[in-house]
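Geometric and topological summary
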There are 12 protein chains.
Amino acid sequence: MSESVYKIIEMVGSSPDSWEDAAQNAIKSAGLSLRDLRIAEVETLDLKIEDGKGVTYRAKVKLSFKILSE
Amino acid sequence: MSESVYKIIEMVGSSPDSWEDAAQNAIKSAGLSLRDLRIAEVETLDLKIEDGKGVTYRAKVKLSFKILSE
Amino acid sequence: MSESVYKIIEMVGSSPDSWEDAAQNAIKSAGLSLRDLRIAEVETLDLKIEDGKGVTYRAKVKLSFKILSE
Amino acid sequence: MSESVYKIIEMVGSSPDSWEDAAQNAIKSAGLSLRDLRIAEVETLDLKIEDGKGVTYRAKVKLSFKILSE
Amino acid sequence: MSESVYKIIEMVGSSPDSWEDAAQNAIKSAGLSLRDLRIAEVETLDLKIEDGKGVTYRAKVKLSFKILSE
Amino acid sequence: MSESVYKIIEMVGSSPDSWEDAAQNAIKSAGLSLRDLRIAEVETLDLKIEDGKGVTYRAKVKLSFKILSE
Amino acid sequence: MSESVYKIIEMVGSSPDSWEDAAQNAIKSAGLSLRDLRIAEVETLDLKIEDGKGVTYRAKVKLSFKILSE
Amino acid sequence: MSESVYKIIEMVGSSPDSWEDAAQNAIKSAGLSLRDLRIAEVETLDLKIEDGKGVTYRAKVKLSFKILSE
Amino acid sequence: MSESVYKIIEMVGSSPDSWEDAAQNAIKSAGLSLRDLRIAEVETLDLKIEDGKGVTYRAKVKLSFKILSE
Amino acid sequence: MSESVYKIIEMVGSSPDSWEDAAQNAIKSAGLSLRDLRIAEVETLDLKIEDGKGVTYRAKVKLSFKILSE
Amino acid sequence: MSESVYKIIEMVGSSPDSWEDAAQNAIKSAGLSLRDLRIAEVETLDLKIEDGKGVTYRAKVKLSFKILSE
Amino acid sequence: MSESVYKIIEMVGSSPDSWEDAAQNAIKSAGLSLRDLRIAEVETLDLKIEDGKGVTYRAKVKLSFKILSE
C-alpha cells in the first residue's frame, strides 16, 4: 500500500434530521463509488434556521478517496 | 441586503438525548424569535457524566441574528 | 488605568463596497458611543454573492468597550 | 474541592449508528467507574466508509477523571 | 440537570498585581451574582506597559453562567 | 432547502489594487455561474513585493457553490 | 542524548491560591519522581466559581518525562 | 503578474522511505505539468503501521497551480 | 535557488484610510530595500477607535526577506 | 469493525539522523506490539542543538492503538 | 496616531517565583526603554523542572514597541 | 538557570535534498554561535517546484537562543 495516493475534497451536506444524515448526504452527492471513498472527516457542524421551515442540520466534511495504488 | 448587521452570542445547551437536541435547546433559550435567528454554529461538543444520572450531551453554539437591515 | 474592565461583543457588518466599510457598519450598529469603544478586531472576512445583486463584503468583528474604570 | 486533580486520556470510539453512541463506546471502554469520570470532550468526529459494510461513525474524545481529592 | 442552558460572555479585566486578580476583576464587573456564574476560562493574558505607571496585568476571560434549568 | 449539497474549492486571486479585487478575481476565474456561487470565505491575505513592479494584493478564498438541491 | 524518548501525559491541577500552585499540584499528583519529569506546558487556565466557597484556580498541563535513554 | 489566479487542491501521498518522497508522490499523481505547479504546503505528516509490512510515511499536502495569467 | 535563506519579522502598520495602506506602511518602515523583501503575510487586522479622531486601520504583517543566496 | 475502540498516547522520539527515525524511535519505545498500533500522527517537529554534540531531531507523535474489537 | 508603526519581537523570560515575574524579566531584557514598549502578549506558559533545583516558571511573550510615529 | 532569557527569531531555510537540511541551513545562516542556540521548532514545511530545476524543500523554523543568564 506504500505508494497509494489520496485526493481530498470538501463538501457541505444538509438534512432536516441529524448531523449524521447531513454528512451522509455530502458523501452520496460526491459522485464517487463507495469503493473509492475511505474517510469523511467532519470540519464544522452548524444549524440553519429558516422562517416557517424549522431547522436544517449541516455538516462540512473532507472526503478522501484513493486515486492511485501500486 | 448589503447593509444588514448581525450580532453573535454564545450559548451552551444540553440534552439527555443527542447533540442535535442540545443545540436546539440553546437556540430556544436565547429568547429570540425565529425570524431574527439565522445560523447556529457548533463551537464544541461534550458529554457530562453524572453519578446515577447517566450522561448529558452538551453543545456550545454561536447564534447569529439580524439586528439591522436597510 | 489598572482597574478598568472591558466587555467584548461580536458582530457581523456588511457593505457593498469594501471590508473597511463592513467593519465600520458593525461598529455603528453596536449602539455604543465612540467614547466607550476602543478596538474592533477582525475575526473573519467573507464575500456573499447574490443573484442579480452583485457581491456583499462582510466582516465579523470583536468590539471591546470600557465598562468600568477607577 | 480546591485541591482535586484530574487526569485526561484520549480515546476513539466507534458505532454503526451515531456519533453519540461512538462517544459512549469510548467512555465504556476506558475501564473506569462512572464515579471517576466527569467530562468527555469531543476532539474530532469522522465517518469511515468500508466496502460492503456501510459506514462507521467515530468520535475522538478526551476523558477527564478525578485522581485525587482533599 | 439535563436541560440547563448557559450563556457565555467575554470580558477583559486588569490589575496592577497579578493575572489572578485581573481575572477576578473581570468576574466582579460582570454584574452577575456568584450563584449564576460557573466557569471563567482564560482566553488570553497580556501585560500593558505605561510610561511612569508601571505595568498592568490583563486577562481576557469567557464567563459562563446558567440562564435556565428544568 | 433541507437536502441541498455544496462543494467547496480553494483559490488564490490577485490584484494590483486591493484585497477586495483580489477576492473578486478568484471568484471570476472559478468558471462557475453566479447562480451556483454563494459564499467566498477569506482564508489568508498577503502582499507580494516584486522588483520594479510594485506590490500585488493576494487573497486565498474558499468558494462554496450548490451542486444538488431537492 | 540523541536516543532518549519522552512520554507526555495531560492533567488538571487546582488551587485556591494561584495558577502557579494549580500547575504544581498537577505535577505532584502525577506519581512520578522529579528525576523523570522535565517540562509542564500550560494548555489552558480557568477559574471555577462555587457558591459560598470562593474561586478555584485550575491549570491543564502537559507533563513530559523521560522513559528511555541510551 | 498582478492578475494571475491559482487553484489549490489537497492530496495525500505515501512512501515506504521518507516524508520527502511521500510529498513528491502526491505531486506526481496530481496529473498536472510541472509548469503549472508552484507550491506544495505540508498540512500533516503521519506514519501508518501495518502488520508484517513495516511502516508507510504519509504527507497531506496542498498543491497550488496557476490557472490564469494576464 | 535551493540554498537561499529568508528571515521573517513581524510588524504592525496603520493608516486612516484602509488595511491595504496599513500593510504598506509596515513594509515601508521595515528599513529594507524592496530588493530584499518578498512576501508580507497578513496575521491580523483591527480597527482602533479614538475620541474625536475617527478610526485607524491596523494590519499586523509578517515580512520575509532574503538574507542569503548561493 | 464498527465497535472497535482506540486509545491515543503522545510521545517524543529523537534521533541524530532524521525526523523519520525520531518518529520510529517513539513508536518502538511505546512498549506495544506492532499488531496493536495503527497510526502515528506527527504533532510537532523540532531540532535540539547541543554544544559539541551536533543536533538531535525530535518528533512529537500521537500513537493510536486498538484496545477493543467486536 | 494614524501613521505609527510597531515592531514585534518574541522572547522567553523565566523566574523561580511566578509567571508574572517571568514575563517581566523578558521585558527587562529586551533592551528597550519603557517609552518604546507598549504591549507584551503571553504566547505560552510552561514550568521547567530541574533535579535538586525546584521549578522555573517561563513565559514566552510577544513585545510590541513603537518605531515610527507621524 | 532561573533568570535566563531567550530571544526567538523566525527563519526559512531551503535545501534540494531534505527538510532536515533545510532546517539546518536556516540555523547556519542565523549568524549565531552554536553556544547560543538551543531549539529550532519547525513551524511549516513546504516544497517549491521550479521549471527545469526540480524541487526545493523549505522549512520555516523558530530559533531560540540565550541572551541573558544569571
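I will try to describe carefully the structure that is included in this document. (Residues numbered from 1 in each chain as written. Chains lettered and ligands numbered in written order. Predicted model: local features only at pLDDT ≥ 70, side-chain atom pairs only at ≥ 80, totals over all residues. Heavy atoms only, no water.)

The helix and strand tally for chain A stands at 1 helix and 3 strands. Starting at the N terminus and walking to the C terminus, you meet the elements of chain A as β-α-β-β. Counting every position in chain A, which comprises 70 residues, the buried fraction comes to 61%. Partitioning the intrachain contacts of chain A with sequence separation of at least 6 by distance along the chain shows that 62% fall at a separation of at least 24. In the structure as shown, chain A presents an accessible area of about 2800 Å², 44% of it carried by carbon and sulfur atoms. (Helix = DSSP H or I, 4+ residues; strand = E, 2+ residues; numbered from the N terminus. Buried < 20%, exposed > 50% of the residue type's maximum accessible area, 1.4 Å probe, protein only. Contact = heavy atoms within 4.5 Å. Areas by Shrake-Rupley, 256 points an atom, 1.4 Å probe, with all protein chains shown as cover.)

Let's shift gears to the interface of chain B and chain C. Contact residues are listed per partner, giving 13 residues for chain B and 16 residues for chain C. Across the chain B to chain C interface the summed buried area is about 1200 Å²; carbon plus sulfur atoms make up 51%. Viewed at the interface, chain C and chain B are joined by 1 salt bridge. Between Lys62(B) and Glu10(C) there is a salt bridge, with its nearest N and O atoms 3.0 Å apart. At the junction of chain B and chain C, the tally comes to 4 residue pairs in polar contact (both at pLDDT 80 or more). For the side of chain B that touches chain C, the leading source of residues is strand β1 (residues 5–15) of chain B, giving 4 residues. Of the residues assigned to the side of chain B that touches chain C, the class counts are 6 nonpolar, 2 polar and 5 charged. (Buried area = accessible area lost by both parts, 1.4 Å probe. Salt bridge = Lys/Arg side-chain N within 4 Å of Asp/Glu carboxyl O. Polar contact = N/O pair within 3.5 Å; in protein donor to acceptor, adjacent residues only side chain to side chain. Nonpolar A, V, L, I, M, F, W, Y, C, P; charged D, E, K, R; others polar.)

Looking now at the pattern of salt bridges. Residue and element names in this part refer to chain A. All chains considered together, the criterion is met by 24 salt bridges over all chains. For Asp46, the salt bridge goes to Arg58, with nearest N and O atoms at 2.8 Å. Of this pair, Asp46 sits in strand β2 (residues 37–50) while Arg58 sits in strand β3 (residues 54–68), and the two are 12 residues apart along the sequence. Overall, Asp46 belongs to the buried group, its relative accessible area being 15%.

Below, the discussion takes up the relation of the copies chain B and chain C. When chain B is fitted onto chain C, the two copies agree to an RMSD of 0.0 Å after a turn of 120° and an axial shift of 0.0 Å. Overall, the copies show the geometry of a three-fold rotation axis. Looking at the rotation axis and the C-alpha trace of chain B, the residue lying nearest is Ile9(B), at 4.6 Å. (Least-squares fit on C-alpha atoms with pLDDT ≥ 70 in both.)

The next subject is the pairing of strand β3 (residues 54–68) of chain F. Residues and elements named next belong to chain F. Within β3, 11 of the 15 residues are buried, leaving the element largely enclosed by the surrounding structure. Of the strand pairs in this sheet, strand β1 (residues 5–15) and β3 are connected by 11 bridges, and their pairing is antiparallel. Paired with Val5 across the strands is Leu68, a residue of β3. Pairing of strand β2 (residues 37–50) with β3 involves 12 bridges; the strand directions are antiparallel. (Pairing = 2+ DSSP bridges.)

Before going further, it helps to examine the interface of chain G and chain J. Each side of the interface is counted separately: chain G has 13 residues, and chain J has 16 residues. Between chain G and chain J, the buried area comes to about 1200 Å², and carbon and sulfur atoms account for 51% of it. Run the count over chain G and chain J and you get 4 residue pairs in polar contact (both at pLDDT 80 or more). Secondary structure elements with two or more residues in the side of chain G that touches chain J: β1 (5–15), β2 (37–50) and β3 (54–68) of chain G. A total of 4 residues in the side of chain G that touches chain J trace back to one element, the largest contributor, which is β1(G).

What follows deals with the pairing of strand β1 (residues 5–15) of chain J. In terms of residue burial, β1(J) counts as a mostly covered element, since 10 of its 11 residues are buried. Alignment of strand β1 (residues 5–15) of chain D against β1(J), held across 3 bridges, turns out to be antiparallel. The residue of β1(J) that forms the bridge with Met11(D) is Lys7(J).

Here we take up the packing of aromatic side chains. Within the structure shown, the criterion is met by 12 aromatic pairs over all chains. Relative to Tyr57(L), the ring of Trp19(L) has its centre 5.2 Å away and its plane inclined at 80°; by these criteria the two rings are edge-to-face. Note that Trp19(L) is positioned in helix α1 (residues 19–28) and Tyr57(L) in strand β3 (residues 54–68), a separation of 38 residues in sequence. For Tyr57(L), a relative accessible area of 3% gives the class buried. One Lys or Arg, Arg38(F), reaches over the ring of Tyr6(F) and ends 3.9 Å from the middle of that ring. (Phe/Tyr/Trp six-rings, centres within 6.5 Å; stacked < 30°, edge-to-face > 60°. Lys NZ or Arg CZ within 6 Å of the ring centre and 35° of its normal.)

Residue and element names in this part refer to chain C. Across the 10 residues that make up helix α1 (residues 19–28), a large majority, 8, are buried. Along α1, the positions that sit buried rather than exposed are Trp19, Glu20, Ala22, Ala23, Gln24, Asn25, Ala26 and Ile27. You can read the cap of α1 off the contacts: a side-chain oxygen lies 3.4 Å from the backbone nitrogen of Glu20, and it is on Ser18.

Bringing the side chain of Ser64(G) into the picture now. Its location among the elements puts Ser64(G) in strand β3. Among residues more than four places away in sequence, those in contact with Ser64(G) are Lys7(G), Ile8(G), Asp36(G), Leu37(G), Arg38(G) and Ile39(G).

On to the environment of Pro16(H), then. Structurally, Pro16(H) is set in the loop between β1 (5–15) and α1 (19–28). For Pro16(H) and Lys53(H), which are 37 residues apart along the polypeptide, the C-alpha to C-alpha distance reads 9.6 Å.

Note that all results are geometric; they support no functional claim without further evidence.
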